Structure formats: structure tokens, C-alpha cells
There are 2 protein chains.
Amino acid sequence: MRAEIITIGDELLIGQVVDTNSAWMAQRLNEAGIELYRITSVHDRREQILSALDEAFRSVDLVFTTGGLGPTKDDITKHVMCEYFQTHLIEDTRVRAHVEHLYADRPEILNRLTATQWMVPEAAEILTNRVGSAPIMLFNHGDQMLFAMPGVPYEMEVAMTEQIIPYITNKRLHAESIPRSWGIIHKTLQVSGISESELAIKLIPFETINQGDPSLAYLPKDGIIRLRLSSYGDRTPASMDHTFEFLKRYVKDYIIAETDDPLEVIVGSLLKERGATISTAESCTGGKLAMLLSLHEGSSEFYKGSIVSYANSVKSGLLGVTEEMINEHSVVSEEVVCQMAKAVREQTGSDYSIATSGIASATGGYTEEEVGTVWIAWSGPEGTTAKCFHLGKLREKITDRACVKALVEMIKFLRHEESKKVNSKTVWNII
Amino acid sequence: MRAEIITIGDELLIGQVVDTNSAWMAQRLNEAGIELYRITSVHDRREQILSALDEAFRSVDLVFTTGGLGPTKDDITKHVMCEYFQTHLIEDTRVRAHVEHLYADRPEILNRLTATQWMVPEAAEILTNRVGSAPIMLFNHGDQMLFAMPGVPYEMEVAMTEQIIPYITNKRLHAESIPRSWGIIHKTLQVSGISESELAIKLIPFETINQGDPSLAYLPKDGIIRLRLSSYGDRTPASMDHTFEFLKRYVKDYIIAETDDPLEVIVGSLLKERGATISTAESCTGGKLAMLLSLHEGSSEFYKGSIVSYANSVKSGLLGVTEEMINEHSVVSEEVVCQMAKAVREQTGSDYSIATSGIASATGGYTEEEVGTVWIAWSGPEGTTAKCFHLGKLREKITDRACVKALVEMIKFLRHEESKKVNSKTVWNII
């Protein structure tokens, strides 16, 4: 089964909003064995929506639209759908009851504009929007289907998860002819410490044998390359596992993870395995490591807290970085960052820590040449080590890359401690 | 002038990567007076790329593609462009010299795969990619133009800023017939404390007079609604200013900002105006406020640092939250969050502070009912105040909304202190 997403809204075309809905929906569709063929973003304009619908129904079985279902004048999707499917709006008493219930304790919202929310196209099947007032609409178009959803991410996500994916799966189960397919399978390897070109050279033998089946994609970002094997129905899970193992042999020295999990999740798992905790002391990363480590459910099991010492006075006051230390070594130095890492472990009582100090812009007496220099330290029960990186000249990139480096090296740090226990190797050599 | 963006890459269609390039490019195009008509994302597949090019050249003057220009096998854009524009690859000595210079100190990268980077379509004009090895290609198609860029955001951004936008602007300046146009103008008002429906009711008189010219869009997110007026060439800047002032009158009690600046930038400006500094003490927001406040160039002028006290032991150790206080009031309470706000001001020496403590999931003895409860405190030289919010049940949403509430109320806090000085009103009443 093939799908297209049409995202509707001027805000997407003027760059006021980044379309995060499509990537989220793409993941859910893939999990359900549906291939996303194309994404199209158009303005809130009648002709554009009509022509996007035409174009989509020429290529795919399932069309998903988001956006343009709100109660305000700029939202025209419902009216355009009526035109396309040659139907008209009628009042839906079930939607009305739902909306009235939803805003029972906020009667001021139940005004005449919200009331437009329970006017729905007669030809559409209406699915409940549990968390909002805009109804989710299903239109049948011969054997094809279109689902129209609000553009608000949370409402779209609940609708997809609770209504639409189960609806499609259920319908497919009862369809007379189920296509013989193993479903869509992606398997991702994360590697680090090698350039994309060098990696491709290493993989020439693999690609020669593999002949593009399953397909192999390279996704480099901020010092990590994700290698993704994809199959769209013709490979069994066991055969994909086999190819994945085969792929791993060629890049084994560079593997950071054998899943597509975010790096902070991998750090979290390694810590949870050993019942250990972590904290961070951040200068140039400004709290981003803290944010990442606390982002996912269950992070309180391993994450203790952080000290973001953006100002030098905070480095002195809370992290024991003395004025002498700064004068002698400068604030972006091995000595300072190691002191920060050690101090934050003491202050928070964590087993491990990461500390960052770097130059993100040519202010405060730094030269353009020095911008991008970042010291990172990792500390644990066995000791503290630090490394210096040069991460380019772009402020935002420096921060992002510093976080990737901090987490990648933390993963190595934790993994090699593990092997150290077994092999009695020292941990510091490999960093 | 009208443009279309075609983003090429399987990773976009399986949801492994969020397309942030398009929104960034949309902003730059709008600034240059070019309307972005449509965004299309397709797989790394020959037929799909060819048909997307056909479709785009039917509707727009300028086509921008990103992606598929890397040295690895999954990157096919350059070959498909050759097919579409009926040309073939030749070696470009200028690109070769550039790539050899770029990797002068990393000879291992200059292997035969990187060498494919200086093979370019004969029919294309080549623009320098200052920061990467994939050449930027310009194809002429009658009066229309196509720019092919790498998908790596940084390389695309540099190419757009330094090469492509100046190229187009320059070409337009020399074109014989310049269309009489005032350029694309967007003006955004950010409002808070009112629902989208209520807002629309308030704006009925405005919309009646305005008649959709300029167009008005409503963009609600996490408790903020952005109201955007847009004109695509037929309104003068002065006339847009006039309509904007007119719009403001209808919503004046709810205005948070008269620009589309992020909330943390507005907080930063207000602080810089009075030469004051800020810090944060975060529990449930886990460092996200710290990250936001340190995100932008110049933040070291007003941002001191943060204590992320995810674990209760950190709240006690660094923020003076006593066990008695937790036992008597619970950790998510007015007393605790006010203590955190006051303590972090002392610890960091900042003038102002924000503290958060909330329940982001039903673990650690909390019930499902309690999830979403967040206490936030704001502290300044005049005193400390706190407020309790109920922010839904979704972990990630709770954090995002808490940050929005924290910053919106901080803006009010700072603004009303300003008016307080003038009118001798107390500041706490309005929170």
C-alpha cells in the first residue's frame, strides 16, 4: 500500500513553521507496512489543494491531509473537500455532543465559531478527535481513501494512533486479497569516527555482493553516519537480520549503535544496565545535554541534574573553578573542564558526568580563529579524561556537534569500562 | 517570482529525518521577494525525481532541489539531472582544485569516491560549495532556472546565502522588465491568554473591514497564537504597518509580542534593556529553559546559568529545598518552586530567575490524575511569585508548554515591573 501526505498551510510555505508532522506520520505508516510515496506542502488555496488531491489520487492508495480545519477564516480545507468530493456540510450531532462535552467547563469557547466545527461533509465518515474540536474526516474515492486531519501535531498524533492506523489495519485484515508482503523493514547502524567517503570505500565489497537489495542509505549528521538498510515487502525479517550482520562486519570498528535510537537513549540504557547515574556541567552547550538526558520517559532513573555555568562566576561559585585556574589555563581548557566534571559529580552525587566548555562566537576577547574550540570532559568512578574538538564556526552547529561528541564518547567510555572489567584494559587509551 | 522546493531522499519519506531545510529556505526566499508555491519530497528514485521536475516546471519560475548529491551509491540526483537536461558528466578542474584544497590536510578522504564529486553535468553552471565537496549546480530551462544543492543543512545554507540568493537578485536587477511589486511582507503578532475561537470572534469586525487583503492567518501552538498578516507584492510597507496597527487595537489585552521573535529572545531583549541577568532552576523542564536562554548570539549578556535539579537530592543540596518542605508540601508545590527560584538567584548572582517543578509522568508515586501539574515561579529584586498550571498528559507537551508559560509570564513580569515604576501599580496582581 502506498500513501501520500499533503500538508496544507501558508505557514509551511513561508517558513514560519517546520513540518514535523510528516516525519512522525511517515514512521507510523512504515510501522504499519504502508510506504510513504511523496509529501506535498501547499498553501491554503483552493486551486492548489484541488490539484494536489488530483495528483495524489493518480499515484497512491491512501491520502492523508493535515491542516486547514480550524474555526477561523483562513482554514478552507473542509470547504475544498466538499467541492472535490461533490458534497456539502451538514450538522453532525455526535460531533456537536463531543465538542460541547470537550468545552463543558469553558462555555466561552462554545461560541458560534466553534459551532462551525460540527458542520461536516455529508459524504465523509467522521472519526472522533478525542483531544480537539476539529473532526477527523474519511472520504472514500473508489478503492482509495483520504483522511483529513488537523495540523496541530498533538491532535494529528492522537488521531493517527487511536483511529486511523487501527482503521486501516483492520480494513486490510478483512480485505479479500492480502498482498504477499513481509512489510516494510528498516535496520539502522550508527557509526562514528570515519568519513562518508572512507565508509563507502570500506563498503564496496558489501555493495557489490548486496546489489542494492536491500537498499543501503548513508545519512551523515554532526559526526555520526547512520547506515540504513531498507526493504519494502520482499525480504523476510530473518533475511534482513542476516544482511545486517553481514554489513556490521565491514564497519565493526566504528559502530556506536545497532539501532536508530537517539544517542542519549543509548547512554541512558548503558547507565541503567549498571544502576549508575549521570550529571552534566555545561558552559557552551548551555543546558542542551541536560535537556537531552531528561527528554525521555524513565530518565529520572539515571539522570540526576546539571549545573549550567554560562557565566564564569557560576563556574567559580558552584563548580570550584578558581580565578587562578582561569588565568593560568583560560576558561576553555582541559584543566577547567576536568574540574567542572569532577565538581558536578560531587555536587549532584552522580556516578558519571560530562562537562563542556567552548568558544561559540568571537566575542568576549576571542578571535575568529578560536571559534569552534570545545573541551569536553568525562568523569566516572575510575577517573576523569578530556578531549579537545574543533567544531566549525557556526554557533548553533558548534553546540549540536559538541552534544553529539559528548554523548558518543560517553558511550565509548561506558562500553570500554565494561570490557575493562573483563579484560583488565585501561579505559583512557581508547579516548 | 514563484519557486518550488523539491527535497530528495528516502530518509524524509520514512521519517528518519525531519525536513528543516524547506522552512529555512522558505524564509530566505520570502525575504528576497520570491513566493514559495509548493514543497515536494520524493524518494531517491529516478522516475519520481523526473516527474517532480516536470510538475515543478509547469508551475514555477525557480526550482530548488536538495539532496542526493553525496559520493555514495544511494545518491542519484546528479545522474537524473543529466537525463532530464539531456547532458552528461564531465570533469570540472575548478571543482577538483576546490575539493583537493578542502581536504588538503585529510588526504585519506581524497579517494576515488570523493573524486566523483568533481564530475559535473556539462550543461550546468557550477557555483562553489565553499563548505563541502558536492558542487552546487544551476540549470537553465528556457526562462526558468533550477538550483541543485546538497541536503546537508549547513552546506545548503551557505550556498543559498552566499551564492544563490545574490545570483537571483542580481539577475533580476538586470532583467528588462521588473514586475511592479512591493515584495512579500509578513507581519506577526503573538497573543496569549485567549482561545483561537474567542480571538476569531474579537476579530470579526477587523475581518469584515479587511476583506482578506492582506490575508490574516491564525497559528496556535502551546498556548501562544501567532496572528500573521501577509501581502504578496500589492501592498506598500506603510499600508501594511497601518493594517497591523489596526489589527493590534482588537487584541491589545493579549499581545505578547509584535514580532515573530522566539519568546526567549523577547525575554533577552527586555533584560538587556535594563542591564539585568537571569538564571533558571529546573526540575520538570530538565534544562530546556537553559537551552533556550543560551541559544542565541549575545545571550551571555543576560544569561548567567542554571541548576537542573532533576533528582530531589540536587534540590536539597544545591537549592536549599529541605526534606521537611518536601514532606509538608510535596516537591511539586508553590513553596518548593519559590524556594528554588530564590536559591538559584543567590547561587548564580542573577537579578531574575525562573523555577519549574512538575509531574511529567505517572511514576514515582504520582497518579495519572496528577500528571501535567506544573508549578512555575518567577523571582526578581521585588519579590517572588508562583503559579500552578495543568498542561495535559503528554510528557513532551508538558515540558514544551511549561517553557512557553514560563517565558510568557516572565515577559509580563518584566513588562509590568516597567509599568509599575511609572504607575505605582503592584506587579503581582496581574499574574
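Scoring rules and cut-offs
Residues numbered from 1 in each chain as written. Chains lettered and ligands numbered in written order. Predicted model: local features only at pLDDT ≥ 70, side-chain atom pairs only at ≥ 80, totals over all residues. Heavy atoms only, no water. Helix = DSSP H or I, 4+ residues; strand = E, 2+ residues; numbered from the N terminus. Contact = heavy atoms within 4.5 Å. Lys, Arg positive; Asp, Glu negative; His and termini not counted. Charge placed at Lys NZ, Arg CZ, Asp CG, Glu CD. pLDDT = per-residue confidence, 0-100. Salt bridge = Lys/Arg side-chain N within 4 Å of Asp/Glu carboxyl O. Buried < 20%, exposed > 50% of the residue type's maximum accessible area, 1.4 Å probe, protein only. Phe/Tyr/Trp six-rings, centres within 6.5 Å; stacked < 30°, edge-to-face > 60°. Polar contact = N/O pair within 3.5 Å; in protein donor to acceptor, adjacent residues only side chain to side chain. Arc of directions from axis to C-beta. Least-squares fit on C-alpha atoms with pLDDT ≥ 70 in both. Core = buried A, V, L, I, M, F, W, Y, C linked by side-chain atoms within 4.5 Å. Buried area = accessible area lost by both parts, 1.4 Å probe. Nonpolar A, V, L, I, M, F, W, Y, C, P; charged D, E, K, R; others polar. Pairing = 2+ DSSP bridges. Axes fitted to C-alpha atoms, helices over the stretch in contact; angles between N-to-C directions.

## Observations concerning the overall build of chain A
Part 1 of the reasoning: Counting its secondary structure elements, chain A contains 15 helices and 17 strands.
Part 2 of the reasoning: Here the C-alpha coordinates of chain A stretch approximately 75 × 60 × 40 Å along the principal axes.
Part 3 of the reasoning: Taking as baseline every contact in chain A between residues at least 6 positions apart, the subset at least 24 positions apart corresponds to 67%.
Part 4 of the reasoning: Between the centroid of the 43 positive side chains of chain A and the centroid of its 59 negative side chains there is a distance of 4 Å.

## Considerations on the confidence of the model for chain A
All names here are of chain A.
Part 1 of the reasoning: Of the residues in chain A, 94% have a pLDDT of 70 or more, and the chain-wide mean is 90.
Part 2 of the reasoning: Note on residues 418-431: pLDDT under 50 across the span, and 21 contacts to partners over four residues away in sequence or across chains.
Part 3 of the reasoning: Across the assembled chains, the prediction reports ipTM 0.79 with pTM 0.80.

## Structural notes on the pattern of salt bridges
Any two side chains of opposite charge can pair, so long as their charged atoms come close to each other.
Part 1 of the reasoning: Applying the stated criterion across every chain yields a total of 39 salt bridges over all chains.
Part 2 of the reasoning: The partner of Glu 55 of chain A in a salt bridge is Arg 38 of chain A, and the shortest N-O contact between them spans 4.0 Å. In this pair, Glu 55 of chain A is assigned in helix H3 (residues 46-59) and Arg 38 of chain A in strand E2 (residues 35-42), connecting sequence segments 17 residues apart. For the residue pair Glu 55 of chain A and Arg 38 of chain A, the accessibility class agrees, reading buried in each case.
Part 3 of the reasoning: Salt-bridge contacts for Arg 58 of chain B lead to Glu 55 of chain B; the nearest nitrogen and oxygen are separated by 2.8 Å. With a gap of 3 residues between them, Arg 58 of chain B and Glu 55 of chain B both fall in helix H3 (residues 46-59), about one helical turn apart.
Part 4 of the reasoning: A relative accessible area of 61% means that Arg 58 of chain B is categorised as exposed.
Part 5 of the reasoning: Take Glu 55 of chain B: its relative accessible area is 18%, and that puts it in the buried class.
Part 6 of the reasoning: Overlapping salt bridges, with partners in common, bring together Glu 4, Arg 38, Glu 55 and Arg 58 of chain A in one network.

## Digging into the packing of aromatic side chains
Part 1 of the reasoning: In total, this model carries 22 aromatic pairs over all chains according to the counting rule given.
Part 2 of the reasoning: When the ring of Phe 64 of chain A is compared with that of Phe 147 of chain A, the centres are 5.6 Å apart and the planes differ by 15 degrees; the resulting orientation is stacked. Note that Phe 64 of chain A is positioned in strand E3 (residues 62-66) and Phe 147 of chain A in strand E8 (residues 144-149), a separation of 83 residues in sequence.
Part 3 of the reasoning: With relative accessibility at 0%, the residue Phe 147 of chain A sits in the buried group.
Part 4 of the reasoning: Between Tyr 84 of chain B and Phe 85 of chain B, the ring centres sit 5.1 Å apart and the planes meet at 75 degrees, which makes this aromatic pair edge-to-face.

## Examining the environment of Asp 261 of chain A
Residue and element names in this part refer to chain A.
Part 1 of the reasoning: Mapped onto the elements, Asp 261 comes out in the loop between strand E12 (255-257) and helix H10 (263-273).
Part 2 of the reasoning: In sequence terms Asp 261 and Gln 190 are 71 residues apart; their C-alpha atoms lie 9.0 Å from each other.
Part 3 of the reasoning: At 3.1 Å, the side chain of Asp 261 and the side chain of Thr 259 are in polar contact.

## Topic: helix H5 (residues 93-102) of chain B
Residues and elements named next belong to chain B.
Part 1 of the reasoning: Within H5 the residues assigned to the buried category are Val 95, His 98 and Val 99. Looking straight down H5, one finds its buried side chains confined to an arc of 95 degrees; they lie on one side. Along H5, the residues that are exposed and aim more than 90 degrees away from the buried face are Thr 93 and His 101.
Part 2 of the reasoning: Tucked into the core, H5 has its buried residues touching strand E5 (119-121) and strand E6 (125-127).

## Here we look at the relation of the copies chain A and chain B
Part 1 of the reasoning: Between chain A and chain B, which share one sequence, the superposing operator has a rotation angle of 180 degrees and an axial displacement of 0.0 Å; the RMSD is 0.1 Å. Put plainly, the chains are arranged around a two-fold axis.
Part 2 of the reasoning: Same-surface contact between copies: 99% of interface residues of chain A are shared with the interface of chain B.

## Brief notes about the nonpolar core
Part 1 of the reasoning: Within the largest apolar cluster, 122 residues are counted, with the highest numbers of intra-cluster contacts made by Ile 278 of chain A together with Ile 278 of chain B.
Part 2 of the reasoning: Dropping the residues within four chain positions of it, Ile 278 of chain B is found in contact with Val 267, Leu 271, Leu 293, Phe 302, Tyr 303, Lys 304, Gly 305, Ser 350, Tyr 352, Ser 353, Ile 354 and Met 410 of chain B.

## Quick look at the interface of chain A and chain B
The figure often quoted for interface size is the accessible area lost as the parts come together.
Part 1 of the reasoning: Taken together, the contact pairs 90 residues of chain A with 89 residues of chain B.
Part 2 of the reasoning: Summed over both sides, the interface between chain A and chain B buries roughly 7500 Å², with carbon and sulfur atoms accounting for 56% of that surface.
Part 3 of the reasoning: Taken together, the connections running from chain A to chain B amount to 3 salt bridges.
Part 4 of the reasoning: The residue Asp 10 of chain A makes a salt bridge to Arg 228 of chain B at a minimum N-O spacing of 4.0 Å.
Part 5 of the reasoning: Summed over the shared surface of chain A and chain B, the result is 42 residue pairs in polar contact (both at pLDDT 80 or more).
Part 6 of the reasoning: It is E2 of chain A that contributes the most residues to the side of chain A that touches chain B, 8 residues altogether.
Part 7 of the reasoning: The class makeup of the residues in the side of chain A that touches chain B is 34 nonpolar, 30 polar and 26 charged.

## Observations concerning the pairing of strand E17 (residues 383-390) of chain A
All names here are of chain A.
Part 1 of the reasoning: Bridge count between strand E16 (residues 373-380) and E17: 8 bridges; the pairing is antiparallel. Paired with Ala 377 across the strands is Ala 386, a residue of E17.
Part 2 of the reasoning: Hairpin connection, E16 to E17: the antiparallel pair is bridged by 2 residues.

## Some thoughts on the sheet that holds strand E17 (residues 383-390) of chain B
Part 1 of the reasoning: Pairing is mixed across the open sheet formed by 10 strands, whose spatial order is E17(A)-E16(A)-E15(A)-E13(A)-E14(A)-E14(B)-E13(B)-E15(B)-E16(B)-E17(B). The sheet is open, and its two borders are formed by E17 of chain A together with E17 of chain B, each paired with just one other strand. If you compare each strand with its neighbour and ignore which way they point, the axes differ by 15 degrees on average.
Part 2 of the reasoning: Examined bridge by bridge, strand E14 (residues 303-308) of chain A and strand E14 (residues 303-308) of chain B share 3 bridges and lie antiparallel to one another. What sits directly across from Ile 307 of chain A, in E14 of chain B, is Ile 307 of chain B.

## Considering the sheet that holds strand E9 (residues 184-192) of chain A
Residues and elements named next belong to chain A.
Part 1 of the reasoning: The strand order E10-E11-E9-E12 describes an open sheet built from 4 strands, whose pairing is antiparallel. This sheet does not close on itself; its edge strands, each paired only once, are strand E10 (215-221) and E12. Between one strand axis and the next, the sheet turns by 30 degrees as a mean value, whatever way the strands run.
Part 2 of the reasoning: As paired strands, E10 and strand E11 (residues 224-232) are joined by 7 bridges and run antiparallel to one another. Within the sheet, the bridge partner assigned to Lys 221 lies in E11 and is Ile 224.

## Digging into the pairing of strand E7 (residues 136-141) of chain B
Residues and elements named next belong to chain B.
Part 1 of the reasoning: Sheet topology places E6 next to E7; 3 bridges connect them, and they run antiparallel. Bridging from a neighbouring strand, Ile 126 pairs with Met 137 of E7.
Part 2 of the reasoning: Inspection of the sheet shows E7 paired to strand E8 (residues 144-149) by 5 bridges, in the antiparallel sense. Within the sheet, the bridge partner assigned to His 141 lies in E8 and is Gln 144.
Part 3 of the reasoning: In sequence, E7 turns back onto E8 through a hairpin of 2 residues, with Gly 142 there showing a positive phi of about 65 degrees.

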